[in-house]
Amino acid sequence: MKLVEVEFERSVFSPEQFPRDQLPQIAFAGRSNVGKSSMINNLLQQKNLARISSRPGKTRSINFLRINRKFYFIDLPGYGYAKVPRKEREKWKWLIDAYFGENRQLRGLVQIIDSRVGVTGNDAAMIRFSLEMEIEPFIVATKADKLKQKERAQQEKKIYAALHQFSLPRYLFFSAKTNLGKNEVWSWIEEQIRNKP
Ligand code: GTP
Ligand code: MG
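Residues numbered from 1 in each chain as written. Chains lettered and ligands numbered in written order. Predicted model: local features only at pLDDT ≥ 70, side-chain atom pairs only at ≥ 80, totals over all residues. Heavy atoms only, no water.

1. A look at the overall build of the chain
Secondary structure assignment for the chain yields 5 helices and 7 strands. Going from the N terminus to the C terminus, the chain shows its helices and strands as β-β-α-β-β-α-β-α-β-α-β-α. Its C-alpha atoms give the chain a radius of gyration of 16 Å, within 12% of the compact-globule value 16 Å for 197 residues. Taken along the three principal axes of its C-alpha coordinates, the chain extends 45 × 40 × 35 Å. Here the analysis covers contacts within the chain between residues at least 6 apart in sequence; of these, 75% occur between residues at least 24 apart. For the chain, the exposed area adds up to about 10,400 Å²; of that, 49% sits on carbon and sulfur atoms. Averaging the locations of the 35 positively and 21 negatively charged side chains of the chain gives two centres separated by 6 Å. (Helix = DSSP H or I, 4+ residues; strand = E, 2+ residues; numbered from the N terminus. Rg over C-alpha atoms; globule rule 2.2 N^0.38 Å. Contact = heavy atoms within 4.5 Å. Areas by Shrake-Rupley, 256 points an atom, 1.4 Å probe, with all protein chains shown as cover. Lys, Arg positive; Asp, Glu negative; His and termini not counted. Charge placed at Lys NZ, Arg CZ, Asp CG, Glu CD.)

Encoded structure:
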C-alpha cells in the first residue's frame, strides 16, 4: 500500500459523531495496552498518530484515521483493564455496540492479542461478538519480539488451540518493533477493502 495521505479524522465519544460517508473501515480491537495504537502507527509509518500510551486504558474514544481518502483505520478503545471504573466500562460497551451495530462500512477487524499472554476471556468475548456481527476477525499476536524462540513455539501451540473453538485456524505473529508480520497484515487489509461490496 502506497501511503499518500494519512489524516487523523476525528475522535468519537458518542454514536452521533460517527462519519456518515461510504469509505470502507478496518477496525483494530484488543485489550488495553496490548499494542493497538503501536500497530496502527507501525502500519502507517507514523510516530504517534494513533496515540501510544505508557498508561493502559488511555484511548477512551473511537479514533478514525483516514488513509489516502479511500478508507479508514479505526483505533478502538481497549478493554479488560481492571482499574477502569464500571461507569467507564459501560460507556465503552455502549459505544462499541453502537459502532458494530449500525456500521455497514466495517469490512474487517484486526483482533490483537498479546503473544505472551494468548487468548484471554475478554479476547474470546470480543472474537465471539465480531463473529455474531458477521465481521471477520483476523487474529494478530503482537509483541512477538519479546518472546524467545522456545517460548514462541509454546505460545504458537497454545494460541492455535484457543482459536480452534472459533474455527479460526489462521493467525499471525507481529511486532511493532521489528516489523514482523507487517506485510501480511497489509495484505489482509487490502484484501478486505478490495473484495467486499
Ligand atoms: P490503549 O490505547 O491504552 O488501549 O493501548 P494500546 O493497545 O493502544 O497500546 P499501545 O500501542 O499504546 O502500547 C502499549 C505499550 O506497549 C507501549 O509502551 C508500547 O511501546 C508497547 N508496545 C506495543 N507494541 C509493541 C511491540 O510490538 N513490541 C514491544 N516490545 N512493545 C510494544
Ligand atoms: Mg491506544
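2. Details of the nonpolar core
If you look at the biggest cluster of nonpolar residues, it comprises 24 residues, and the most contacted ones within it are Phe-28, Leu-44, Phe-73 and Ile-189. Elements represented by at least two residues in this core include exactly strand S2 (25-30), helix H1 (36-44), strand S3 (62-67), strand S4 (71-75), strand S5 (106-114), strand S6 (137-142) and helix H5 (182-195). Looking at this core element by element, the count peaks at 5 residues for H5. With 21 residues, the next largest nonpolar core counts Ile-96, Leu-106, Leu-109 and Ile-135 among its residues. (Core = buried A, V, L, I, M, F, W, Y, C linked by side-chain atoms within 4.5 Å. Buried < 20%, exposed > 50% of the residue type's maximum accessible area, 1.4 Å probe, protein only.)

3. A look at the pairing of S2
Among the 6 residues in S2, 6 count as buried, and that is most of the element. Alternating positions in S2 separate into two faces, Gln-25, Ala-27 and Ala-29 on one and Ile-26, Phe-28 and Gly-30 on the other, with burial throughout. Bridge analysis of S2 against S4 gives 4 bridges, and the strand direction is parallel. Bridging from a neighbouring strand, Ile-26 pairs with Phe-73 of S4. (Pairing = 2+ DSSP bridges.)

4. What to know about the pattern of salt bridges
Oppositely charged side chains can pair when the atoms bearing their charge come close. Applying the stated criterion across every chain, the model contains 8 salt bridges. Put simply, Asp-114 and Arg-31 hold a salt bridge, and the shortest N to O gap is 3.7 Å. Here Arg-31 lies in the loop between S2 and H1 and Asp-114 lies in strand S5, a separation of 83 residues in the sequence. Owing to a relative accessible area of 22%, Arg-31 belongs among the partly exposed residues under this scheme. Residues Arg-86 and Glu-90 are paired through a salt bridge, measuring 3.4 Å at the closest nitrogen-oxygen approach. Taken together, the residues span about one helical turn, with Arg-86 and Glu-90 both in helix H2 (residues 86-101) at a distance of 4 residues. Put simply, Glu-5, Glu-7, Arg-66 and Arg-69 are held in one network by salt bridges that share partners. (Salt bridge = Lys/Arg side-chain N within 4 Å of Asp/Glu carboxyl O.)

5. Comments concerning the packing of H1 against H5
Each pair of packed helices can be summarised by the angle the axes make with each other and by the distance between the axes. Packing of H1 against H5 leaves a shortest axis separation of 10 Å and a crossing angle of 85°. With respect to H5, the element H1 is oriented roughly perpendicular. Judged by residue contacts, Asn-42, Leu-43 and Leu-44 of H1 engage Lys-182, Val-185, Trp-186 and Ile-189 from H5. Residue composition of the contact of H1 with H5, by class: 5 nonpolar, 1 polar and 1 charged. (Axes fitted to C-alpha atoms, helices over the stretch in contact; angles between N-to-C directions. Parallel < 35°, antiparallel > 145°, perpendicular 65-115°, else oblique. Nonpolar A, V, L, I, M, F, W, Y, C, P; charged D, E, K, R; others polar.)

6. Describing the side chain of Asp-75
Tracing the backbone through its elements, the reader meets Asp-75 in strand S4. Among buried Asp, Glu, Lys and Arg side chains, Asp-75 stands out as unpaired, with Lys-36 the closest opposite charge at 5.7 Å. Only 2.9 Å separates the side chain of Asp-75 from the side chain of Ser-37, close enough to count as a polar contact. (Polar contact = N/O pair within 3.5 Å; in protein donor to acceptor, adjacent residues only side chain to side chain.)

7. Thoughts on the confidence of the model for the chain
Summing up the model confidence of the chain, the mean pLDDT is 90 and the portion of residues at 70 or higher is 94%. By mean pLDDT, the top-scoring element of the chain is S6 (97), and the lowest-scoring one is H2 (89). (pLDDT = per-residue confidence, 0-100.)

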